[in-house]
Amino acid sequence: MEQYDTIIVGSGPAGLAAAINLKIRRKRFLLFGSQRLSTAVERSVRIDNYLGFATITGPELIKRFKQHIEKAEIEITNEQVTTVYPMGDHFSVSTSKNLYQSAAVILATGASPTSLFPGEERLLGAGVSYCATCDAPISKGKTVAVLGWGDEAVGEANFLAEIAAKVYYLPVKPHKAALKDSIIPLTGSVKEILGDMKIRSLQTSEENIELDSVFVLRESLPPGSLVPGLEAKDGFVQADEKMQTSIPGLFAAGDLTGKPHQLMRAAGQGQTAALTAAAYLDELRK
């Protein structure tokens with residue numbers, strides 16, 4: 001297994017700023033994210049407060065971001081990070097496809113949901129999953145539902161359709177869903193995930209569906225679900241002025257650290273997290 005100096009989770013302004021500064025510091029890192037970089041930035045109609053650009057649209061700023069990281073020869077690994085395990089002297093980072101190790105981790109996943117669906121946390125691991133690829137084997141011949149926020153969730157639903165007996169898909173936020181013909185699309189909103197020791201059904205605003213598993217595929221996971229033992233409050237990671245969290249070697253930057261949710265703040269925190277992580281790595285090597 002390859003060992004990296006730092007793993008960055010997230011490709012928005014905070015994650016990209018961290019990557020650029022780690023590149024300058026000649027650290028060996030891996031950047032996990034999307035080729036779209038940030039859907040939140042991409043959807044911005046007009047941005048007036050990003051230094052250097054009097055007025056710019058979200059898509060135009062994304063284009064500038066891409067040009068910058070391409071010039072810096074920074075690549076994005078398009079894998080969904082499902083868990084970050086602190087292991088004492090290193091971190092073990094699990095994705096939907098592989099397992100990685102690093103001496104430090106920078107979380108830059110954007111704002112996480114402040115509230116979970118009723119029953120979600122209680123039934124996590126008992127039918128509720130955040131990773132379709134990871135838990136696909138237990139879905140063979142079963143009835144499952146995918147609660148999706150975008151393109152990646154659609155892809156995971158189509159993958160599950162090859163394994164499960166029946167797949168339902170409910171778009172939590174409106175988005176285009178090019179689903180396989182065998183997938184049953186749902187409408188309405190999620191009310192509750194029901195079950196005792198294991199999941200029993202999904203209650204929506206329109207119906208109650210009996211099933212074996214529910215895959216909740218958000219664009220980013222709640223901090224406590226992503227990193228066991230991480231200190232968070234009201235859904236936001238607690239970090240100091242150097243972007244250090246409650247876990248040594250784990251840093252956080254951007255919207256997941258709280259308000260105000262501003263691009264300039266996120267980029268600045270990403271730079272700070274990278275510089276602090278670089279100093280942390282240098283200290284480890286003494």
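By convention here, each chain's residues receive numbers from 1 onward along its written sequence. In view of the model being predicted, local features appear only for residues whose pLDDT reaches at least 70, and side-chain atom pairs are presented and counted only at 80 or more, with totals across whole chains, interfaces and linings using the full set of residues. Where side-chain values are given, they derive from all heavy atoms of the structure, hydrogens and water being excluded.

Novice: Can you help me understand the overall build of the protein in this one?
Specialist: Secondary structure elements follow DSSP: runs of H or I of four or more residues count as helices, runs of E of two or more count as strands, with numbering from the N terminus. From N to C terminus, the protein includes 7 helices and 16 strands. We compute the radius of gyration from the C-alpha atoms alone; for a globule the expected value is 2.2 Å times N to the 0.38, where N is the number of residues. Its C-alpha atoms give the protein a radius of gyration of 19 Å, within 12% of the compact-globule value 19 Å for 286 residues. Over its C-alpha atoms, taken along the principal directions, the protein stretches across nearly 55 × 45 × 30 Å. In the protein, 56% of the contacts between residues at least 6 apart in sequence involve partners at least 24 apart. Accessible surface for the protein amounts to roughly 14200 Å². Of this, 50% is attributable to carbon and sulfur atoms. Charged-residue counts in this description rest on Lys and Arg as positive and Asp and Glu as negative, His and the chain ends being excluded. By convention, the point assigned to a charge is CZ for Arg, NZ for Lys, CD for Glu and CG for Asp. Measuring between centres, the 30 positive side-chain charges of the protein sit 4 Å from its 32 negative side-chain charges. Between two residues, a contact is recorded if the distance between any of their heavy atoms is within 4.5 Å. Accessible areas in this description were obtained via Shrake-Rupley with a 1.4 Å probe; residue shielding takes into account the shown protein chains only.

Novice: Sorry if this is basic, but what is going on with the sheet that holds strand E9 (residues 184-185) here?
Specialist: Remark on secondary structure: sheet strands pair via backbone hydrogen bonds, oriented parallel or antiparallel. Across the sheet, 5 strands lie side by side as E6-E13-E7-E8-E9; this open sheet has parallel pairing. In this open sheet, the two strands that pair with only one neighbour each are strand E6 (128-129) and E9. As paired strands, strand E7 (residues 143-148) and strand E8 (residues 166-171) are joined by 6 bridges and run parallel to one another. Each residue of the ladder has a partner; that of leucine 147, found in E8, is leucine 170. For two strands to be treated as a pair, DSSP must find at least two bridges joining them.

Novice: How do you make sense of helix H1 (residues 13-24) when you look at a structure like this?
Specialist: An α-helix turns once per 3.6 residues; consequently, residues spaced three or four apart project the same way. Take the number of residues in a helix, subtract one, and multiply by 1.5 Å to get its expected span. Along its 12 residues, H1 runs 17 Å from first to last C-alpha, staying within 8% of the 16 Å computed at 1.5 Å per residue. Of all 12 residues that make up H1, 10 are buried, and the element is covered over most of its length. Those residues of H1 that fall on the buried side of the exposure criterion are Pro13, Ala14, Gly15, Leu16, Ala17, Ala18, Ala19, Ile20, Asn21 and Leu22. Looking at the packing, one finds that the buried side of H1 touches strand E1 (3-9), strand E2 (29-32), helix H2 (39-42), helix H3 (58-71), strand E5 (99-107) and helix H7 (263-284). Just beyond H1, the residue with positive phi is arginine 26, at close to 60°. Think of it in three bands: residues with accessible area under 20% of the maximum for their type are buried, residues over 50% are exposed, and the middle band is partly exposed, with areas taken using a 1.4 Å probe on protein chains only.

Novice: How should I be thinking about the sheet that holds strand E12 (residues 208-210) in this particular structure?
Specialist: Here we have 3 strands laid out as an open sheet, ordered E10-E11-E12, and antiparallel in their pairing. Every other strand in the sheet has two partners, leaving strand E10 (190-195) and E12 as the edge strands with one partner each. Ignoring which end each strand starts from, the neighbouring axes of this sheet average 20° apart. Pairing of strand E11 (residues 199-204) with E12, which is carried by 3 bridges, proceeds in the antiparallel orientation. Orientation is described by lines fitted to C-alpha atoms, with helices fitted over the stretch in contact, and by angles between N-to-C directions that extend from 0 to 180 degrees.

Novice: Help me out: how do you make sense of the packing of H1 against H7 in this one?
Specialist: In a pair of packed helices, the angle between the axes and the distance between the axes together describe the arrangement. In contact at an axis separation of 7 Å, H1 and H7 are set at 35° when each is read in the N-to-C sense. The two elements H1 and H7 cross, and the hand of that crossing is right-handed. The residues of H7 that touch H1, namely those facing Pro13, Ala14, Ala17, Ala18, Asn21 and Leu22, are Leu263, Ala266, Ala267, Gly270, Gln271, Ala274 and Leu275. Gly is placed with the polar residues, together with every amino acid not listed as nonpolar (Ala, Val, Leu, Ile, Met, Phe, Trp, Tyr, Cys and Pro) or charged (Asp, Glu, Lys and Arg). For the contact of H1 with H7, the class distribution of residues is 10 nonpolar, 3 polar and no charged. Take the far helix as your reference; a near helix turned counterclockwise from it by less than a right angle gives a left-handed crossing, and one turned clockwise gives a right-handed crossing.

Novice: Explain the pattern of salt bridges here, please?
Specialist: When charged atoms on two side chains of opposite charge get close, those side chains can pair. Every case where a carboxyl oxygen of Asp or Glu lies within 4 Å of a side-chain nitrogen of Lys or Arg is listed as a salt bridge. Scanning all chains against the criterion turns up 8 salt bridges. Note that arginine 218 and glutamate 120 form a salt bridge whose closest N and O atoms lie 2.7 Å from each other. Taken together, the positions of arginine 218 in the loop between strand E13 (213-217) and helix H6 (223-226) and glutamate 120 in the loop between E5 and E6 put the pair 98 residues apart, joining distant regions of the chain. This pair shows no difference in class: arginine 218 is buried, exactly as glutamate 120 is. Ionic pairing is found between glutamate 283 and lysine 286, a salt bridge with its closest N-O pair at 3.3 Å.

Novice: Even after reading the chapter, I still don't get unusual backbone geometry, so can you show me in this structure?
Specialist: In most cases, non-glycine residues show a negative phi, while peptide bonds are predominantly trans. Residue proline 260 is reached from lysine 259 by a cis peptide bond, and omega for that bond is 5°. Note that proline 260 resides in the loop between strand E16 (250-252) and H7. Positive phi outside glycine occurs at arginine 26, with the angle close to 60°. Inspection of the secondary structure assignment puts arginine 26 in the loop between H1 and E2. The exposure class assigned to arginine 26 is exposed, which follows from its relative accessible area of 78%. At leucine 37, a residue that is not glycine, the phi angle is positive and equals roughly 70°. Residue placement: leucine 37 occurs in the loop between E2 and H2. What makes leucine 37 buried here is its relative accessible area of 6%.

Novice: Honestly, the nonpolar core in this entry has me stumped. Any pointers?
Specialist: Generally speaking, nonpolar side chains in soluble globular proteins are found buried as a group. In this description, a nonpolar core means a group of buried Ala, Val, Leu, Ile, Met, Phe, Trp, Tyr and Cys residues linked to one another through side-chain atoms lying within 4.5 Å. Core analysis: the largest hydrophobic core is formed by 35 residues, its most contacted members being Ile8, Leu31, Leu61, Phe65 and Ile106. Those elements that provide at least two residues to this core are H1, E2, H3, E5 and H7. When neighbours within four sequence positions are excluded, leucine 31 is seen to be in contact with Ile8, Gly10, Gly15, Leu16, Ala19, Ile74, Glu75, Ile76 and Thr77.

Novice: Would you take a moment to explain the pairing of E1 for this structure?
Specialist: Each regular strand shows side chains that alternate between the opposite faces of the sheet. Most of E1 sits inside the fold, with 6 of its 7 residues counted as buried. As judged from the 4 bridges shared by E1 and E2, these two strands associate in the parallel manner. Paired with threonine 6 across the bridge in E2 is phenylalanine 29. As for the winding sense of the linkage, the β-α-β connection from E1 through H1 to E2 is right-handed. Crossovers are marked right-handed if the path from the first strand over the helix to the second runs clockwise, as seen with the strands pointing away from the viewer.

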